[in-house]
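Residues per chain, in single letters:
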Amino acid sequence: MRIILPILLPPIIIFILALAMILAPLPHPFPEAKSPERNRVSAVITGILGAAYLVGLAFYVVSWFMQAGQALDPALVPLGLTSEGYMGFGRQYHGEIKGRQVEVTYQPAQTLKPSLLNVYVGASAGTQAALGPEKPLLDCRDCLSVDVEELESEQLHVVAHDEAWVRRLLANPANAAAVSRLLDDQKALGLRELYIQPNRIWLRAHPEQITENYIQRWLDDLLILAEAVEANTS
């Protein structure tokens, strides 16, 4: 509603003004109401107002999307990550947190295209695994399914190249809790998938809402898992 109202209201106002300019009785030297001369004056003024509306609308929409793309700046820039433009209205952040390379890309929702958040944290895993509500999962399509009782959610699928490795990782209650926090409440917070790759951990999300608290919590849990992944590999 916040973006729709400023778009719909001006054309209605312009239409009402156009009718008023055509029908309202005005004293001399204004042309007579409903006359061709009055219609021409109304058309010229309406055209000028319409052109000004279109220019203003373009600036408003661009500004709105730019502001939406910068939603993560308050959470990530204070952590020392560098912020820059990414694929139009999106933002990209990169730098180090606690000695680990971190990269975040965020694209706000556009028309029918949902928002997309990618958070990458460097970690030497040396193997591949993926966790999410559905399968197959992107680059782990040929991974084997793993039944993991330690995870609180029964709706999550776990696949991995090394079944024993992922079982050891999630046997630790702290690691299993971090994974559960990253992937819980999919309906309210949006689709999320977690990928463990040879050189990094990757959280891929289509967030329904994005706040400082959520992004900070997810980053904290990814950093916990990065430590655990390397400890589980050594």
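Only a predicted model underlies this, so the values are computations on that prediction, with no experimental measurement involved.

Quick rundown of the pattern of salt bridges? Include the residues and the values.
Considering all chains together, one arrives at eight salt bridges under this definition. In this structure, Arg167 engages Glu163 in a salt bridge whose closest nitrogen and oxygen atoms are separated by 3.2 Å. A residue pair is termed a helical-turn pair when its members lie 3 or 4 positions apart in one helix, as Arg167 and Glu163 do in helix H4 (residues 163-171) at four residues. The partly exposed category is assigned to Glu163, whose relative accessible area is 35%. The residue Asp184 makes a salt bridge to Arg217 at a minimum N-O spacing of 3.8 Å.

Tell me about a nonpolar patch on the surface, and please be specific about residues and values.
A cluster of nonpolar side chains, contributed by Leu9, Ile13, Leu17, Val41, Ile45 and Leu49, occupies part of the molecular surface with about 450 Å² of accessible area. Taken together, the elements giving at least two residues each to the nonpolar patch come down to helix H1 (4-23) and helix H2 (36-69). Along the chain, Ile45 falls in helix H2.

How would you summarise the packing of aromatic side chains if you had to cite specific residues and measurements?
The full count for this structure, using the stated rule, is three aromatic pairs. Put simply, the rings of Tyr120, Tyr195 and Trp202 pair up and form one aromatic cluster.

Outline the sheet that holds strand S1 (residues 82-86), listing residues and values.
Strand order in the open sheet formed by nine strands is S1-S2-S3-S4-S9-S8-S5-S7-S6, and the pairing between neighbours is antiparallel. Where the open sheet ends on each side, the last strands, each with one partner, are S1 and strand S6 (144-145). The pairing of strand S8 (residues 190-197) with strand S9 (residues 200-207) spans eight bridges and is classified as antiparallel. Opposite Leu191, over in S9, you have His206 as the bridge partner. Contacts from helix H5 (residues 173-183) reach strand S5 (129-132), S8 and S9, with the element oriented near 140 degrees to S8.

Which residues make up helix H7 (residues 212-233), and what values do they have?
Given a rise of 1.5 Å per residue, 22 residues ought to cover 32 Å, and the 31 Å separating the end C-alpha atoms of H7 matches this to within 8%. Taken together, the buried positions of H7 are Ile215, Trp218, Leu219, Asp221, Leu222, Leu223, Leu225, Ala226, Ala228, Val229 and Asn232.

I'd love a proper account of the pairing of S9, names of residues and values included.
Across the eight residues that make up S9, a large majority, six, are buried. In this structure, the hairpin formed by S8 and S9 is closed by a connection of two residues.

Now, about the nonpolar core: what can you tell me, with residues and values included?
Counting residues in hydrophobic clusters, the biggest one holds 45 residues, and the most contacted among them are Leu72, Leu117 and Leu194. If you tally residues by element for this core, the top one is H7, at nine residues. Those residues in contact with Leu117, other than ones at most four positions away along the chain, are Leu72, Val104, Thr105, Tyr106, Leu203, Arg204, Ala205, Pro207, Ile210, Ile215 and Trp218. Counting eight residues, the second-largest nonpolar core is a separate cluster that includes Ala130, Cys140, Cys143 and Tyr195.

About the criteria used
- Residues numbered from 1 in each chain as written.
- Predicted model: local features only at pLDDT ≥ 70, side-chain atom pairs only at ≥ 80, totals over all residues.
- Heavy atoms only, no water.
- Salt bridge = Lys/Arg side-chain N within 4 Å of Asp/Glu carboxyl O.
- Helix = DSSP H or I, 4+ residues; strand = E, 2+ residues; numbered from the N terminus.
- Buried < 20%, exposed > 50% of the residue type's maximum accessible area, 1.4 Å probe, protein only.
- Patch = residues over 30% accessible without salt bridge, like charges linked within 9 Å, V, L, I, M, F, W, Y side chains within 5 Å.
- Areas by Shrake-Rupley, 256 points an atom, 1.4 Å probe, with all protein chains shown as cover.
- Phe/Tyr/Trp six-rings, centres within 6.5 Å; stacked < 30°, edge-to-face > 60°.
- Pairing = 2+ DSSP bridges.
- Contact = heavy atoms within 4.5 Å.
- Axes fitted to C-alpha atoms, helices over the stretch in contact; angles between N-to-C directions.
- Expected span 1.5 Å × (residues − 1).
- Core = buried A, V, L, I, M, F, W, Y, C linked by side-chain atoms within 4.5 Å.

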